[in-house]
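Structural overview for review
As a plain string of letters, each chain reads:
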Amino acid sequence: VETTEIEPGAVATITTEEFFSLIKSRAPSRLVRSLEHSFVFGLATVDRPTAFVMFSTNVFETAFAGMLEWEAFMVDDLPFIAKDIPAPLPAPVVQAVMATTTASTTPPTTSSTTPSAPILPATSQEEPTVVFKDIVVQNEDVRAAMSPDGTILLLYSFPDKNTLIITQSKETLTLILQRLSTARFTR
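This part takes up the overall build of the protein. Helices and strands together make up the secondary structure of the protein, namely 4 helices and 10 strands. Ordered by position from N to C terminus, the α and β elements of the protein give β-β-α-α-β-β-α-β-β-β-β-β-β-α. Among the 187 residues that make up the protein, the fraction classed as buried is 36%. By sequence separation, contacts in the protein at least 24 residues apart represent 48% of the contacts at least 6 residues apart. Split by element, the accessible area of the protein, about 12,000 Å² in all, is 56% carbon and sulfur.

Here it is, written out as structure tokens:
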């Protein structure tokens, strides 16, 4: 919600477009346009509170294509949903000692050693690569952002052609899918 200028203390629900703008998302505009104006952002508790966001889609094919395109930025754009990516361990700094000798016509009596600048090992300091994989949760197709060690950082699913759910864990997605199924069944 956001405060409004209409009356003091009044609040209004932000739209999907405003949400993506506020989080400075790099989601493709076609994805944002393919989502309805209202959405749900909440916390679901299985073992611990976990954030999720749920959108209604108005053009499934465009929304799905947009999600695939957004995958490259999704984990960074949704840090309040995604698990932290483990940071690479810092490379050790090696202090090298360089021996220097002064050449002269007199007998070599002076030899000194002076420490040089630290030498960093030639190891890669690239951040871990996030890879999206297809998995199944509650008989639903799911795209999961996985760290190199196989930890799920974030996942999303279209349980039907009109609904998109983004959350952090299989357990949270399972709970949401069960609640959606129960709501549809009782109508």
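After presenting the structure, the write-up continues.
Taken as a whole and judged by the stated rule, the model has 4 salt bridges. In this structure, the salt-bridge partner of arginine 26 is aspartate 77, at a minimum N-O distance of 3.0 Å. Remark: aspartate 77 occurs in helix α3 (residues 60-77) and arginine 26 occurs in the loop between α1 (16-22) and α2 (29-33); sequence separation between them is 51 residues. The exposure class assigned to arginine 26 is partly exposed, which follows from its relative accessible area of 40%. Judged by relative accessible area, aspartate 77 falls into the buried class, the value being 5%.

Our focus in this paragraph is the side chain of aspartate 77. At 2.6 Å, the side chain of aspartate 77 forms a polar contact with the backbone nitrogen of arginine 26. In contact with aspartate 77, other than residues within four places in its own chain, are Ile23, Lys24, Ser25, Arg26, Ala27 and Trp70.

What follows deals with unusual backbone geometry. A positive phi angle, near 55 degrees, is found at glutamine 138, a position not held by glycine. As for its placement among the helices and strands, glutamine 138 is situated in the loop between β7 (131-137) and β8 (140-146). Non-glycine residue asparagine 139 carries a positive phi angle of around 65 degrees.

Okay, the pairing of β7 next. In the sheet, β7 pairs with β8 via 7 bridges, with the strands oriented antiparallel. Across the sheet, the residue bridging to valine 136 is aspartate 141, located in β8. Connecting the antiparallel pair β7 and β8 is a turn made up of 2 residues, with glutamine 138 showing a positive phi of about 55 degrees.

Spatially, 6 strands are ordered β3-β4-β10-β9-β8-β7 in an open sheet, and the strand pairing comes out antiparallel. With partners counted over all chains shown, the strands left at the sheet margins are β3 (35-45) and β7, one partner each. For this sheet, the mean inter-axis angle between neighbouring strands, taken without regard to orientation, is 20 degrees. Bridge count between β8 and strand β9 (residues 152-160): 5 bridges; the pairing is antiparallel. Considered in β9, the bridge of methionine 146 is made with isoleucine 152. Contacts from α3 reach β4 (49-57), β7, β8, β9 and β10 (163-167), with the element oriented near 175 degrees to β9.

Conventions adopted
- Residues numbered from 1 in each chain as written.
- Predicted model: local features only at pLDDT ≥ 70, side-chain atom pairs only at ≥ 80, totals over all residues.
- Heavy atoms only, no water.
- Helix = DSSP H or I, 4+ residues; strand = E, 2+ residues; numbered from the N terminus.
- Buried < 20%, exposed > 50% of the residue type's maximum accessible area, 1.4 Å probe, protein only.
- Contact = heavy atoms within 4.5 Å.
- Areas by Shrake-Rupley, 256 points an atom, 1.4 Å probe, with all protein chains shown as cover.
- Salt bridge = Lys/Arg side-chain N within 4 Å of Asp/Glu carboxyl O.
- Polar contact = N/O pair within 3.5 Å; in protein donor to acceptor, adjacent residues only side chain to side chain.
- Pairing = 2+ DSSP bridges.
- Axes fitted to C-alpha atoms, helices over the stretch in contact; angles between N-to-C directions.

On their own, these measurements won't tell you what the molecule is for.
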